[in-house]
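Structural characterization, general
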Amino acid sequence: MRKIKKQKIYLLALLLPFIMFVIGFEIGPLVAMIKNSFYADNGIQVTINQYITIFKSKFYLQAIQNSLVISLFSAVVSVIIAVIAAYSITKFSQKIQNRILMITNMTSNFEGIPLSFSYIILLGNNGLFTLLFSKIGWDVFADFNLYSWTGLILVYVYFQIPLAVMLIYPSYQGIKKQWKEASSLLGGSTSSFWLHIGIPVLLPSIVGTFSILFANAMGAYATAYALVGSNYNLLSLQIASLVASDVALKPQLGSALGVLLAATMIGAMWFNGRMMRRIRRDLK
Amino acid sequence: MSYVTIDQVTKGYENQVVLNDISLVLKKGEFATLLGQSGCGKSTLLRSIAGLEDVDLGRILIDGKDITNLSPRQREVGMVFQSYALFPNMNVFDNIAYGLKMKKIKNIKSRVKKMIEMVDLIGKEESYPHQLSGGQQQRVALARALVMEPKVLLLDEPLSALDAKIRKNLQKELKRIQKELDITTIFVTHDQEEAMTMSDRIFVMNKGQVVQSGSPSEIYTSPVNTFVAKFIGNYNVCNMEAFRKLVRSTELKGNEVAIRPEVLQLVSVGEDSLDLQENWVIKGIIKDVSMTGNVLRYEVETEESVFLVDYLHHRGNMFEQGARVHILVPKKECIIL
Ligand SMILES: Nc1ncnc2c1ncn2[C@@H]1O[C@H](COP(=O)(O)OP(=O)(O)OP(=O)(O)O)[C@@H](O)[C@H]1O
Ligand SMILES: [Mg+2]
């Protein structure tokens, strides 16, 4: 008995740096943010006025809505593409699979300002492809504006896909060949296999990936900032301008927006959990 | 008469022939076993019958119909895998009902219920595979295949992942269900004891070929070659030249002689009541005694080779290690190969 306890203490001691890190850099700021959000602009009076301001302001509600829409949209599109892409990857030989994964891994780290500038260089108003195609007389990009809603979505989807593939790919390993064989011997077609067994088995990881992508997009800041500056009304951009811009600093209001941002993410996770329990009844 | 016909089937992978011109015929309702060592092609043959592998040459017929080029779902065969392959996201009921739903068959509920009764899983309808024991999962897999009323049931080492006791039980149960439904069954195993107890007919395979087929007792009492003799019954297989030296006789022909361990008798040196008319006599020394269940197995060293001698274990027939003995070999039990 005593020995086990001792071991546990050692293990906890090893965990200590990690726990301190989490408290200092994650829980600490979170608590500070929540606390801050309940103060007036002067930082002295305790009030819920910041939240009232937000819910009365069309501007901020718009920002929240825009962020939700772009996050949902890019997460859904990326998950669908990733489910198909990851499946195709599993059809290659092991060697090629490893190579593709390596590239995916690299590109999944490609986001933020470098990514935006790459897009600007390739598809901006004077971008390489834009000019090339207009020279050729091929006007696919004539109506395309990178600095718009469509452009933003394109870039978001782009940086979400590699991450989504990386997250979903491993779960295909869990689909056993013999399930397919059993299904076909019982009269099932390929599509009925995927409908009744494949997708339901993949579902937990699809749903999990979806929440990560959603959170990833909700919080994305640098990519959007570099591409559309403050021209586009997104929650993350508004928070940034309230806590770090050089015009009018309103950290309390920024904190309140931050709390709402966190709340949407928690909401998304809760929703995912519920959905999963409904569809996969075998999982507790 | 013939219900399942495998006609000169050949199948290879890249640079290796796995099934080498195999032909075999089964009657309706027969329980046939493919028996052979690991890698001899048993699974490949079974999977070819199921349509999960294509064959390179030859034909496969079931109930007079050539199914060689049909897809698995058109073949009306059921299969149970060694790993069960139950659908993890479905409970017992839905697993068993899956095939019926796919084929849009009516009164699914009553058919599934009947099947659940048959495999003795009442009360487990709502359980998921991960909540079941290995034996229970195996029953579900069996029910899932049988509920489709397939023409042929294929079983690929369905019991090998289970421990000995459950395995014995399931063997009996499987046999009972098979008889009850009178379903033609092909069973794969590399356990000769299992093959002996369950089969109407055994096909012994070696290196992609059927080397002998017949009823369990035929195979056991008259193996056609050394491979079968060694594989089936722990036969003592002795080179003929050596055997002639041991028994000091020149009248024997053939290359090898195979003798079952349980037909041999041991007699202490010094006892003179040897029947030399009916038996060959070989001198030896007891090297080792071991016990497996109710059988005592002696390893007796002779001038040429070691003989295994099996005795039923009851008091009074113990020989000590190192004892000098005569081995009595009944002449009519010697199988010349
Ligand atoms: N997909 C494949 N590609 C290449 N070779 C294969 C493939 N499947 C099987 N083989 C080879 O075919 C031979 C027979 O395999 P098979 O699975 O039929 O053996 P088995 O008799 O069922 O053995 P076991 O008792 O171990 O299950 C083996 O040598 C194996 O290496
Ligand atoms: Mg096998």
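Residues numbered from 1 in each chain as written. Chains lettered and ligands numbered in written order. Predicted model: local features only at pLDDT ≥ 70, side-chain atom pairs only at ≥ 80, totals over all residues. Heavy atoms only, no water.

As for the UniProt feature "domain: ABC transporter" (unreviewed entry) in chain B
When the UniProt feature table is mapped to this numbering, "domain: ABC transporter" (unreviewed entry) covers residues 4-232 of chain B. Structurally, residues 4-232 of chain B is divided into 36% helix and 28% strand, and its ends, taken at the C-alpha atoms, are 25 Å apart. (UniProt positions renumbered as here; feature names shortened; annotations may be inferred. Helix = DSSP H or I, 4+ residues; strand = E, 2+ residues; numbered from the N terminus.)

A short note on the domain arrangement of chain A
On domain assignment, one finds that chain A holds domain 1 (1-36) and domain 2 (49-283). With centres defined by C-alpha atoms, the gap from domain 1 of chain A to domain 2 of chain A works out at 31 Å. (Domains from an automatic or database assignment.)

Description of the nonpolar core
Ranked by size, the top nonpolar core spans 92 residues in total, and within it Ile6, Leu34, Leu45, Ile96 and Leu154 of chain B carry the most contacts. Of the residues forming this core, the biggest block, eight residues, is contributed by helix 9 (residues 190-219) of chain A. Ranked by size, the runner-up nonpolar core spans 26 residues in total, among them Leu252, Ile259, Val263 and Phe307 of chain B. (Core = buried A, V, L, I, M, F, W, Y, C linked by side-chain atoms within 4.5 Å. Buried < 20%, exposed > 50% of the residue type's maximum accessible area, 1.4 Å probe, protein only.)

Looking at the pattern of salt bridges
All told, the structure shown has 22 salt bridges over all chains when counted by the stated rule. Taking the shortest distance from any N to any O, the salt bridge between Arg167 of chain B and Asp191 of chain B comes out at 3.3 Å. A residue pair is termed long-range when its members are at least 10 positions apart, and Arg167 of chain B in helix 5 (residues 164-181) and Asp191 of chain B in the loop between strand 8 (184-189) and helix 6 (192-198) qualify at 24 residues. What makes Asp191 of chain B partly exposed here is its relative accessible area of 25%. Ionic contacts of the salt-bridge type, sharing partners, join the residues Lys177 and Glu181 of chain A together with Lys11, Arg47 and Glu53 of chain B into one network. (Salt bridge = Lys/Arg side-chain N within 4 Å of Asp/Glu carboxyl O.)

What to know about the interface of chain B and chain A
Taken together, the contact pairs 23 residues of chain B with 21 residues of chain A. In total, about 2000 Å² of surface goes out of reach between chain B and chain A, with carbon and sulfur atoms giving 63% of it. Considering only the side of chain B, the residues that lose the most area to chain A are Arg73, Asn89 and Tyr98 of chain B, jointly responsible for 27% of the buried surface there. Counting every contact that joins chain B to chain A gives one salt bridge. (Contact = heavy atoms within 4.5 Å. Buried area = accessible area lost by both parts, 1.4 Å probe.)

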